[in-house]
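# Structural overview for review
Take a look at the letters that make up each chain.
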Amino acid sequence: MATHILLTGASRGIGAAIAESFKHDKVRLIGQGTRSGIPTDFADPKAPVALWNKALDALDGRIDVLINNAGVFETNPLDIDHEDWVANWERTMRVNLTASAELCRLAICHWQAEGRPGRIVNMASRAAYRGDSPAHWHYAASKAGMVGMTKSIARGYARQGILAFAICPGFTMTGMADDYLASRGGEKLLADIPLGRVADTDEVAVLARFCALSAPPSMTGAVLDINGASYVR
Ligand SMILES: NC(=O)c1ccc[n+]([C@@H]2O[C@H](COP(=O)([O-])OP(=O)(O)OC[C@H]3O[C@@H](n4cnc5c(N)ncnc54)[C@H](OP(=O)(O)O)[C@@H]3O)[C@@H](O)[C@H]2O)c1
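For the structure given in this document, a descriptive report is provided here. (Residues numbered from 1 in each chain as written. Predicted model: local features only at pLDDT ≥ 70, side-chain atom pairs only at ≥ 80, totals over all residues. Heavy atoms only, no water.)

### Here we look at helix α8 (residues 201-213)
Note the following rule: Numbering of helices and strands starts at the N terminus; helices are DSSP runs of H or I of at least 4 residues and strands are runs of E of at least 2. Every helix has an expected span of 1.5 Å times one less than the residues it contains. Throughout this description, buried means an accessible area under 20% of the type-specific maximum (1.4 Å probe, protein chains only), exposed means over 50%, and partly exposed covers the range between. Summarising the geometry, the arc corresponds to the directions from the helix axis toward the C-beta atoms. Should any heavy atoms of two residues lie within 4.5 Å, those residues are counted as being in contact.
Between its first and last C-alpha, α8 extends 18 Å over 13 residues, near the 18 Å set by a 1.5 Å rise per residue. Taken as a whole, α8 has its buried residues at Thr-201, Val-204, Ala-205, Leu-207, Ala-208, Cys-211 and Ala-212. Projected down its long axis, α8 shows its buried positions confined to an angular sector of 160°, all on one face. Residues Asp-202 and Val-206 are exposed on α8 and point more than 90 degrees away from its buried face. Those residues of α8 that are buried lie in contact with α1 (13-21), β4 (65-68), β5 (118-123), β6 (162-169) and β7 (223-226).

Have a look at this one:
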């Protein structure tokens, strides 16, 4: 029986590499982007439920694996209007954390109702542990939220065969990292990474595929770092 997967942020970057990593596996994958797959903008509070229902329909009523990968890395400097700063904070929280939380809830309720096991893979970030720049408090907080949520799910539902993993990439070569690297001095930032380079999307995809399909159940609750030793815990 094919494994049915819902992958958010599948259109590009890490998500596209994750989708590609399943090409030799027996899976049916539904992807989401703002304009591709099932088009969804997580800034809209109604979007996660609508996406879940459409994905469930497209997968004949069964989703086995949820991969919450979609995310934004937007700047929010202190020297803007307070209302704008709060609006930026809430947008990042909604897209990066609340939408993922809603999808996790819907997935867990689905598995509980059907009496089936399931797996959740949440894309967090090194920023969850190390923090981020002064213009990215909201990003770091949203990713720390992903880690705390993943651990809570792992502890709460392991007995029901519901497993949860979080992945914490450091800089990974995508549009998101390109902009950031350029804004922070490019090559100079690499000096902070003992491996001497940022991660490839394929490297992160290897971890996501492993957690989605074959990580041993005893690993549930694990938070996996992939950052070239730029932050070791
Ligand atoms: N790249 C890094 O250095 C790095 C480091 C640590 C963690 N991460 C995390 O890894 C994940 C993927 O990052 P990436 O670098 O691959 O990002 P990316 O290349 O910028 O791609 C982001 C993905 O999220 C989707 N997305 C963006 N805004 C959305 C919204 N409002 N509603 C729904 N979907 C939205 C995009 O869809 P569209 O293409 O349709 O817009 C796209 O598929 C993110 O959660 C990110 O925080 C990345």
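### Some details on the packing of α1 against α8
Stated precisely, the cut-off is as follows: Lines are fitted to the C-alpha atoms to define the axes, a helix being fitted only along its stretch in contact, and any angle between axes, read from their N-to-C directions, falls within 0 to 180 degrees. Note on terminology: angles under 35 degrees are roughly parallel, angles over 145 are roughly antiparallel, angles of 65 to 115 are roughly perpendicular, and the others are oblique. Two helices crossing with the near one rotated counterclockwise from the far one by less than a right angle form a left-handed crossing, whereas a clockwise rotation gives a right-handed crossing. Residue polarity is assigned by list, with Asp, Glu, Lys and Arg as charged and Ala, Val, Leu, Ile, Met, Phe, Trp, Tyr, Cys and Pro as nonpolar; anything else, Gly included, falls into the polar class.
Taken N-terminus to C-terminus, the directions of α1 and α8 make an angle of 55°; their axes are 8 Å apart at the nearest point. Of the possible angle classes, the one that applies to α1 and α8 is oblique. Once α1 is placed against α8, the crossing between them reads as right-handed. Here α1 contributes Gly-13, Ile-14, Ala-17, Ile-18 and Ser-21 to the contact with α8, which in turn contributes Thr-201, Asp-202, Val-204, Ala-205, Ala-208 and Arg-209. A per-class count over the contact of α1 with α8 returns six nonpolar, three polar and two charged.

### Thoughts on α1
Each full turn of the α-helix corresponds to 3.6 residues, which orients residues three or four apart in the same direction. For α1, the complete set of buried residues consists of Ile-14, Gly-15, Ala-17 and Ile-18. Down the axis of α1, the buried set is contained in an arc of 160°. They therefore lie on one face. Buried residues along α1 sit in contact with β1 (3-8), β4, β5, β6 and α8.

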